Amino acid sequence: MTATLKNWIGGEWIESSASAYENVYNPATEEIVARVPLSPAGDVDTAVRAAKQAFATWSRTPVPRRARILFKYQQLLVKHWEELARLITKENGKSYGEAYGEVLRGIECVEFAAGAPNLLMGKQLPDIASNLESGMYRYPIGVVGGITPFNFPMMVPCWMFPLAIACGNAFVLKPSERTPLLANRLAELIHEAGLPAGVLNIVHGAHDVVNGLLEHPGIQAISFVGSQPVAEYVYKTGAANGKRVQALAGAKNHSIVLPDADLDLAVKEILNAAFGSAGERCMACAVVVAVGSIGDELVNRLSAAADAITIGNGQSEGVFLGPIIRSSHKERTLGYIASGEQEGGVLIRDGRKDEAAGQTGYFVGPTIFDHVSCEMKIWKDEIFAPVLSVMRADSLEEAIEIANRSEFANGACLFTDSGSSVRQFRETIDAGMLGINLGVPAPMAFFPFSGWKKSFYGDLHANGTDGVEFYTRKKMMTARW
Ligand code: NAD
């Protein structure tokens, strides 16, 4: 019997009042691993009530005591590292190695949040005027809603709830309906660590839960991560309902390779960034811009390296490229490959032939287009699959100009040996996350994670001190004694 997931509300598993359900698949085997309820807005209301009740006590719980629960949580996550990584691979499809790394990224978020006693300190000025002192104090904001995508079932929820609750808030999480299993395990473990009932709640579902959160008067703020159209919708609707919103959106990340780059390094890094996690990373490399004379050699080397990639079930030893998330996403990806050919892209490596003969699962092999232009759909749109476009430019300036024409601006990388080129890149590229001689400038818990343009809606980014600002509000007190 396939398990039907329940919602986690007030410290208990509660059956959803949903009338519709969706299957959760293992994308490598097409096996149904669970059924997820598409909960109605009424279930959101139940969760918000539980969260509000818990907030009354949790927000006044001494900060070091809150932090101690996070220290315990960190230990439990370390203890269950392998189990969590296997679960990520099972529901998302990425390789076990990638999943193991994702668990680390999540653990780091908990470690950062456990620094709450430092992070939440205020500031004072003893003599703001004669005989007057002034001080700033931080407070939680209330109940926060979190909406997460399928591609990082552990890391993205961990950008949100550990820091939000460390700051004294209560949280209602809506995980992706395509990868809902890991979130349940995260909730169980944090309660094992001693988190009081109702501080973290999970409501499973899709649009109705999102709208329930956006419209609920008991929710003060929304953290969203997902695709661009939904991010824009969440930002506008949340703001119209008087909520603080941070909405991290889609991407089309460019890697520029200069003639003085270490090509062995560039090929290895770009290969990982373009095809690791099946291209389903918001920091994936989607476009390479080869500058000057190195274009042909770079393309030949990328193509040869892509031929050596092992494709298969991410649970198997040595597999690098797992499946993409669903058959519908595979159809969409194949549509982009066909459109790239029609629009004149030169198909150097065709991943459609790698369908892992006789194997089930939603596989697309590494695909490389050369001589792509800014007029083509494969350059404009986020494909979110193992499809890499290569473009040519005569200079770094022209390469940056190409990257800056994209409406997205999440990340960008440069491969070079030249300090002055790095400076020119840093000063003129439109992107929030920059990488030098690496393929994935990954978000780290300790720094704000920042996209620009249509890759981000809001002002305060996720993680780091921006996260602390987002999940707190301030009081200023000026005093005369
Ligand atoms: P998605 O936008 O389809 O879904 C994200 C969340 O929104 C899910 O919880 C989903 O249930 C909900 N949702 C989807 N459609 C909705 C609608 N019409 N109305 C209300 N809610 C809706 O994204 P996805 O496919 O799960 O994830 C991939 C996307 O996320 C990519 O675009 C990727 O770039 C982006 N992403 C961005 C970052 C970042 O940091 N910028 C990180 C990870 C993923």
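As the structure is a prediction and not an experimental result, all values here were calculated from the model. For every chain, the first residue of the written sequence is number 1, and numbering continues from 1 along that sequence. Since the coordinates come from a predicted model, pLDDT governs what is reported: local features require at least 70, and pairs of side-chain atoms require 80 or more to be given and counted, while whole-chain, interface and lining totals use all residues.

**Description of the site of the ligand**
Any residue whose C-beta atom, as placed from the backbone, lies within 6 Å of a molecule or strand is termed near it. Near the ligand there are 27 residues, and of these Pro-149, Gly-226, Ser-227, Gly-250 and Cys-282 occur at the shortest range. Ten residue types, Ala, Val, Leu, Ile, Met, Phe, Trp, Tyr, Cys and Pro, are classed as nonpolar, four, Asp, Glu, Lys and Arg, as charged, and the remainder, Gly among them, as polar. Split into classes, the residues belonging to the shell around the ligand amount to 14 nonpolar, ten polar and three charged. Just so you know, the domain bounds were taken from an automatic or database domain assignment. Both domains that furnish three or more residues to the shell around the ligand are identified here as domain 1 (7-248 + 446-480) and domain 2 (253-436).

**Digging into the pairing of strand E19 (residues 433-436)**
Taking every second residue as pointing to the same face, the buried face of E19 carries Met-433 and Gly-435, while none of Leu-434 and Ile-436 on the other face is buried. Criterion used throughout: strands pair if DSSP finds at least two bridges between them. Put simply, DSSP marks the helices as runs of H or I at least four residues long and the strands as runs of E at least two long, and each gets a number from the N terminus on. In this structure, strand E18 (residues 411-415) lies alongside E19, joined through four bridges in parallel fashion. By the bridge assignment, Ala-412 is partnered in E19 with Leu-434. Crossover E18 to E19 through helix H15 (residues 419-428) is right-handed. Each residue is classified by how many other C-beta atoms fall within 10 Å of its C-beta atom, where C-beta atoms are placed from the backbone; a count of 20 or more means buried, 12 or fewer means exposed, and values in between mean partly exposed. For crossovers, right-handed means that the path from the first strand over the helix to the second runs clockwise, given strands pointing away from the viewer.

**With respect to the domain arrangement of the protein**
By domain assignment, the protein separates into domain 1 (7-248 + 446-480) and domain 2 (253-436). Domain 1 and domain 2 are separated by 31 Å when their C-alpha centres are compared. Residue assignment for the side of domain 1 that touches domain 2 shows that the elements contributing at least two residues are helix H3 (81-92), helix H4 (96-113) and strand E20 (452-453). Among the residues forming the side of domain 1 that touches domain 2, the class breakdown is six nonpolar, nine polar and six charged.

**Points about the sheet that holds strand E13 (residues 285-291)**
Strands sit in the order E14-E15-E16-E13-E12-E18-E19 across an open sheet of seven strands; the sheet is mixed. Pairing within the sheet leaves two strands with one partner each, and these edge strands are strand E14 (346-349) and E19. Between one strand axis and the next, the sheet turns through 25° on average, direction left out of account. With five bridges connecting them, strand E12 (residues 253-257) and E13 associate as parallel partners. Bridge pairing in E13 links Ile-256 to Val-289. Under this scheme, a helix contributes an axis fitted over its contacting stretch, all axes are lines through C-alpha atoms, and angles between N-to-C directions fall in the 0 to 180 degree range.

**Looking at the UniProt feature "binding site: NAD(+)" (unreviewed entry) in the protein**
UniProt positions are given in the numbering used here, feature names are shortened, and annotations may be inferred rather than shown by experiment. The UniProt feature table records "binding site: NAD(+)" (unreviewed entry) at Phe-150, Lys-174, Glu-177, Arg-178 and Glu-382. The named residues occupy 233 residues along the chain; their greatest pairwise C-alpha distance, 23.5 Å, places them well apart from one another. The residue Phe-150 is located in the loop between strand E7 (143-147) and helix H6 (155-166) in this model. On the basis of neighbour count, Phe-150 is assigned to the buried category, with 21 C-beta atoms found within 10 Å. The contact criterion used is a C-beta to C-beta distance within 7 Å, with each C-beta placed from the backbone. Setting aside residues up to four positions removed in sequence, Phe-150 forms contacts with Asn-92, Ser-176, Arg-178, Thr-179 and Ile-325.

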